[in-house]
Amino acid sequence: MFKKVLVANRGEIAVRIIRACKELGVKTVAVFSEADRDSMPTQLADEAVCIGPPHPSKSYLHIPAVISAAEVTNADAIHPGAGFLAENPQFAEICGECRIAFIGPTPQNIETMGNKIAARRAAQEAGVPLTPSSSKPPRWRRRAQQEPRGTVETEEEALSVAREIGYPVMIKAALGGGGRGMRAAHNDVSLVNLFKTTRAEAEAAFGSAEVYLEKLIENARHIEVQILADHYGNIVHLGERDCSVQRKHQKLIEETPSSLDAKRRSEIGNVAAKAAKAIQYRSAGTIEFLVDAEMNYYFLEMNTRIQVEHTVTEMATGLDLVKWQMRIAAGERLDFDQRDVEIQGHAIECRINAEDPANGFAPSPGAISKYVPPGGPGIRIDTHIYAGYSTPPFYDSLLAKLIAHGSDRNEAIARMRRALNEFVIEGAHTTIPFHRAVMEDATFLAAKAHTGFLETFNAPMTSLP
Amino acid sequence: MFKKVLVANRGEIAVRIIRACKELGVKTVAVFSEADRDSMPTQLADEAVCIGPPHPSKSYLHIPAVISAAEVTNADAIHPGAGFLAENPQFAEICGECRIAFIGPTPQNIETMGNKIAARRAAQEAGVPLTPSSSKPPRWRRRAQQEPRGTVETEEEALSVAREIGYPVMIKAALGGGGRGMRAAHNDVSLVNLFKTTRAEAEAAFGSAEVYLEKLIENARHIEVQILADHYGNIVHLGERDCSVQRKHQKLIEETPSSLDAKRRSEIGNVAAKAAKAIQYRSAGTIEFLVDAEMNYYFLEMNTRIQVEHTVTEMATGLDLVKWQMRIAAGERLDFDQRDVEIQGHAIECRINAEDPANGFAPSPGAISKYVPPGGPGIRIDTHIYAGYSTPPFYDSLLAKLIAHGSDRNEAIARMRRALNEFVIEGAHTTIPFHRAVMEDATFLAAKAHTGFLETFNAPMTSLP
Amino acid sequence: MRRSTRNPINMSELERYVEFMEKHDLSELRIEEGRDNRSIVLRRGPAEVSYAAPAAPAPAPSNATETPESVAAENLNGGDLDLIRAQMVGTFYRSPSPDEPPFVEAGDNVKEGETLCIIEAMKLMNLIESDFNAEIVEVLVENAAPVEYGQPLFRVKRLS
Amino acid sequence: MRRSTRNPINMSELERYVEFMEKHDLSELRIEEGRDNRSIVLRRGPAEVSYAAPAAPAPAPSNATETPESVAAENLNGGDLDLIRAQMVGTFYRSPSPDEPPFVEAGDNVKEGETLCIIEAMKLMNLIESDFNAEIVEVLVENAAPVEYGQPLFRVKRLS
């Protein structure tokens, strides 16, 4: 095992990683921007190094600062957390060159899955069902007399693909991800309009104008499979999470298991493991699928990092995924196999963000004046906030993850409901009233929410306590 | 299920019960003394009724006030929690007469197990091993030519019994319990000295001078079995807890499972279930044993209520014991049997008391100025405190229960250690530094602590952070 | 009320406590005497201690609007008017039976020992009497309403 | 240091910010300008914001005793002396190589553009130069010690 891990992140995920290190007896180094000097990870870690000013590009995203901090503190490994440098293949590469272990997949894993077209091709080769798209067009391929490049470069090409795979279609940036760089077109006119815009945005945001077209699966659920793979070809899938409650492609509620039946659950798990194995994946990772009303599933993308919602899988399997990331990176073998994996009960996570749900989820940074977390059976909280903490305006709005586990979905929901009612955060607007409302919603309670759920969700959040 | 439950208790156990009620959709009534007007249970419950001044005898122990509060609020059940009226058979009886369900065992169950001599007799009849004692003397019985009464009334009788069963012996009040009303005698002289004192104390504290003698099992572990029994003769045991880390017979750390081997575990569980069945026990209950160095176990007593440490069993079994108490009291059947009970991993509880471990565990009531609880995987906290809460001096010193669950004992200890290091409570001295020290102690880490452990435990608690 | 003030609180005694608190800058002082069955709570400072409010619970089952500060220290308010509070949890009745008139109405003068109301607790009808001569200024609780310990029942003016 | 103060902070500008804060009763003002690569943080009020201290962590890997308040606003202190701070994380070297004398010693006068020290980061030796004429009053970091972003390196007196 490593002697000292540098945590190249902030907020609750940094706290989560420090906890895993402490439980393994590994020393920790927190790096922080000037805006996070007094943050919880900075205080919990054994050492803390200021790496730059508040703007992420000069601190948490600034590779030389992070690497130098590891060097001056003699850290022998870096955990990138989620976000910032977690899915940056250059960073993983540089860590390797500097002989610092990167706690995550290989640079090649990240590279392959970071390019959406390459990722789709890899998934396709592993036999994972894909949505009809410009990288796998049903008939256009034969007509074109050439290997499809996947990317679509002209309006004419785009129109041709869209007519083949059928509207509505998504125009997606090849290097996009996390819900950014994508537009839906419902007919020729909107396709022509959005095609240029999306390319321009992709160029600006991701440094490449490459886009591809994909059939939009309407009323789809977002279901993803957690994978854990070591250096020795051992790979397990740890059940699937339903993350369909999203707002503008940002997940708000995640749960495990999903409402897939046992046969589909096993099938999708095996398919995901096979895909990860095909690219010789190692570490924790997640393969995301869109699942239509008939429970057909289509590859969406792979996240080559620990995810915010890994917590629900931990609650249901009893496994500590962050510790396993570390063990795998340190060269240890998985000491269990697929038959040992048991999903116990049901777990739900609500993301408590500093956003005002009664006001279009507007960001609400500021000082937390009062903080009384819920507790008792089946409740887990991952947070970096406390009474007196001031949320800096430079970073994401996640304040806390509230996870409820129960013997079945009903008990998990009942626990989540009572925990949300106990939870007191004052000084900032939060998504707590939103979650309270969802926990009473008939569609959610019936486990029928799809990714369009929030577009029609209209609970009177302002009138809630 | 009940419509409205009155919670006849205070502090964390009242919060625990309110949480169970909320998860079952049952309305709650908190009762409170004037010292607890602003307490967390009072704020969480649907209704709250002041039942008297701070002194427990005029509020939480005052049966007419509690019953009247149930009547004026139309509560159809009362949960007594732990302590106060929980093991008062008259109170359970009066609830029945007032047609209010008592969420606990029958008055007869409480009565039988409340009298230690009657309890020993019941246990003996069910085949539970007993320590040699005045209620089960090995040879004296034959000589005495009469059924032993169990109680010892004269010095001569005491000396005779003590010589038969062998020193050291415990002199115990028949109506004592919870660690009170007991003295150890190591020879004839100390026996004669302590005999009168203990009788006088028993008379003063429990209203009866009845005492009995029992062989003192030295270096014993305190191991107890959790039982759940319904009205229909279904009974399960839910594993055993080791509660050997005690100070003056007050438990400070509890864990499950104990270090019993699988055979002994199953045996002690079956014996406990058989004893509970013999007295037609119903509800949650605990049979406590002393276990000697050779893992022989002897009946100690039965607690006819939910216990503080029920939480570790909940963590390891995934069952909600308080909800099961309610379901059983409402006439529901256990919907699982012994084969379904699975002990998963290991759970440890540390009692965080408002006491100063560096100063003889002196009580330390006062206002909590800062409160930052730990969180993350495997951590559960049951508490009624928050920043700004003022601990009244009238009641027990329990501030919070910190429970850590892991895949094995080592992981549970590692989690407990890091959680104790995260935990910030300012404004009162607490047992946190004590627990930090125990979690580093070689004897505890080797799972070799017996009930005398703390007598020789001498960690430098003051020097800890 | 006769039930509680066997050893009535002396104003000069309270003065001494307040002096003591001021001297030591105490924000709260509580005295609980089992022997005399009395309790005193004094608080200083700009406002109530601020507590967390984990939820918005329903209020106590009462229609009174005032929060009792200390049950036995009934004349702490210092003003002209005193409060007579419930010394037990139960159901408040203004008259001996439904078809009889109330024991007292606002405006009535009562003598020490005169019955003011009944509180029913565990099927027992407890007659509540006045400890002093008083004019009833206001009846604060509806007939047949539940009352909690310490809840104000009557606003009265003490008569010598 | 040349690396950061391309657009040095002007005292009258700071005066304006403080006036603005006073006018609107702000307790904190942060300005972050990507273009000029500078940031300003101003706080008003009796003391630092009070934070929870979940543990007693080891201090940052540094032997400096002062906590930087804002890296670019080096002359905020207002007194005679200024601090020159590290603009990057790395290892601080006082001389170009182990067997050569330090670039500067306390008491030395340096000219704008003169090298003060080296900070090694990712195997690169970054020469750190002075942005102004100054007298070195104190060298705050030991040779070969790690420094974090914003850590004071030299206490200097600005010379015109």
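Refer to the structure printed above.
For every chain, the first residue of the written sequence is number 1, and numbering continues from 1 onward in sequence order. Chain A is the first chain written and ligand 1 is the first ligand written, with later ones labelled in order. Local features in this predicted model are restricted to residues whose pLDDT is 70 or higher, and side-chain atom pairs enter the listing and the counts only when it is 80 or higher, whereas totals over whole chains, interfaces and linings include all residues. With hydrogens and water excluded, all non-hydrogen atoms of the structure serve as input to the side-chain values.

**A short note on the overall build of chain A**
Phase 1 of the analysis: Secondary structure elements follow DSSP: runs of H or I of four or more residues count as helices, runs of E of two or more count as strands, with numbering from the N terminus. Helix and strand counts for chain A stand at 16 helices and 20 strands.
Phase 2 of the analysis: Taking 23 Å as the expected radius of gyration for a compact globule of 465 residues, we find that chain A reaches 22 Å, a close match to that expectation.
Phase 3 of the analysis: Across its three principal directions, the C-alpha atoms of chain A cover 60 × 55 × 45 Å.
Phase 4 of the analysis: For every residue, the accessible area (1.4 Å probe, protein chains only) is compared with the maximum for its type, and the residue is labelled buried under 20%, exposed over 50%, or partly exposed between those bounds. Expressed as a percentage of its 465 residues, the buried residues of chain A come to 64%.
Phase 5 of the analysis: Intrachain contacts of chain A at a sequence separation of at least 6 include 65% that bridge at least 24 residues.
Phase 6 of the analysis: Split by element, the accessible area of chain A, about 16,300 Å² in all, is 48% carbon and sulfur.
Phase 7 of the analysis: A distance of 2 Å separates the average location of the 52 positive side-chain charges in chain A from that of its 58 negative side-chain charges. In this treatment the radius of gyration is a C-alpha quantity, and the globule benchmark scales as 2.2 Å times the residue count to the 0.38 power. It only takes one pair of heavy atoms within 4.5 Å for two residues to be counted as in contact. Computed with the Shrake-Rupley method and a 1.4 Å probe, the accessible areas treat only the protein chains shown as cover for residues. Only four residue types enter the charge count, namely Lys and Arg as positive and Asp and Glu as negative; His and the chain termini do not. Charge coordinates come from a single atom per side chain, which is NZ of Lys, CZ of Arg, CG of Asp or CD of Glu.

**A few points about the interface of chain B and chain A**
Phase 1 of the analysis: Contacts between the two partners involve 27 residues from chain B and, on the opposite side, 27 residues from chain A.
Phase 2 of the analysis: Taking both sides of the interface into account, the surface hidden between chain B and chain A amounts to around 2,200 Å²; carbon and sulfur atoms contribute 55%.
Phase 3 of the analysis: Defined here as a combined quantity, buried area equals the accessible surface (1.4 Å probe) lost by two parts on assembly, summed across both. The three residues of chain B that bury the most area against chain A are Arg19(B), Glu23(B) and Pro377(B), which together make up 24% of that side's buried surface.
Phase 4 of the analysis: In the sections that follow, a salt bridge refers to a side-chain nitrogen of Lys or Arg positioned within 4 Å of a carboxyl oxygen of Asp or Glu. Between the two partners, chain B and chain A, sit ten salt bridges.
Phase 5 of the analysis: Arg418(B) is the salt-bridge partner of Glu23(A), the closest N and O atoms lying 2.6 Å from each other.
Phase 6 of the analysis: Throughout this description, a polar contact denotes any pair of N or O atoms lying within 3.5 Å of each other; where both atoms belong to protein, one of them has to be capable of donating a hydrogen while the other can accept it, and for residues adjacent in sequence the pair is counted only when both atoms sit in side chains. Taken together, the links from chain B to chain A amount to twelve residue pairs in polar contact (both at pLDDT 80 or more).
Phase 7 of the analysis: Mapped by element, the contributors of at least two residues to the side of chain B that touches chain A are α1 (11-23), α2 (40-44), β19 (379-383) and α13 (409-422) of chain B.
Phase 8 of the analysis: With five residues, the top contributor of residues to the side of chain B that touches chain A is α13(B).
Phase 9 of the analysis: Counted by class, the side of chain B that touches chain A contains ten nonpolar, three polar and 14 charged residues. Under this grouping Gly is polar, as are all residues other than the nonpolar Ala, Val, Leu, Ile, Met, Phe, Trp, Tyr, Cys and Pro and the charged Asp, Glu, Lys and Arg.

**Some details on the relation of the copies chain B and chain A**
Phase 1 of the analysis: Of the transformation superimposing chain B on chain A, the axial component is 0.0 Å and the angular component is 180°, with the fit at an RMSD of 0.0 Å. One copy is carried onto the other by what is essentially a two-fold rotation axis. It is Arg380(B) whose C-alpha, among those of chain B, lies nearest the rotation axis, at 3.4 Å.
Phase 2 of the analysis: Of the residues that chain B buries at the interface, 100% are likewise interface residues in chain A, meaning the two copies contact each other through the same surface. Residues below a pLDDT of 70 in either copy are left out; the C-alpha atoms of the rest, at least 70 in both, set the least-squares superposition of the copies.

**Topic: helix α9 (residues 188-206) of chain A**
Residues and elements named next belong to chain A.
Phase 1 of the analysis: One fewer than the residue count of a helix, multiplied by 1.5 Å, yields its expected span. Taking 1.5 Å per residue as the helical rise, α9 with its 19 residues ought to reach 27 Å, and the 26 Å between its terminal C-alpha atoms agrees with that figure.
Phase 2 of the analysis: We define the bend at each residue as the angle formed by axes fitted to the 7 residues ending at it and the 7 residues starting at it. The largest bend along α9 reaches roughly 30° and is located at Leu194.
Phase 3 of the analysis: Looking only at α9, the buried set comprises Ser190, Leu191, Leu194, Phe195, Thr198, Ala202 and Phe206.
Phase 4 of the analysis: Near the N-terminus of α9, the side chain that reaches the backbone nitrogen of Val189, with its oxygen 3.2 Å away, is that of Asn187.
Phase 5 of the analysis: Positive phi appears at Gly207, one or two residues downstream of α9, with a value of about 75°.

**Considerations on the pattern of salt bridges**
Phase 1 of the analysis: Applying the stated criterion across every chain yields a total of 81 salt bridges over all chains.
Phase 2 of the analysis: Close ionic contact of Lys323(A) with Asp320(A) constitutes a salt bridge, the shortest N to O distance being 3.9 Å. Each member of the pair Lys323(A) and Asp320(A) is classed as buried.
Phase 3 of the analysis: Ionic pairing is found between Glu440(B) and Arg417(B), a salt bridge with its closest N-O pair at 3.1 Å. Linking Glu440(B) in the loop between α14 (432-438) and α15 (442-445) with Arg417(B) in helix α13, this pair joins segments that are 23 residues apart in sequence.
Phase 4 of the analysis: Salt bridges here are not isolated pairs; linked through shared partners, they connect Arg16(A), Arg19(A), Glu23(A), Glu314(A), Asp320(A), Lys323(A), Arg380(A), Asp382(A), Glu411(B), Arg415(B), Arg418(B) and Glu422(B).

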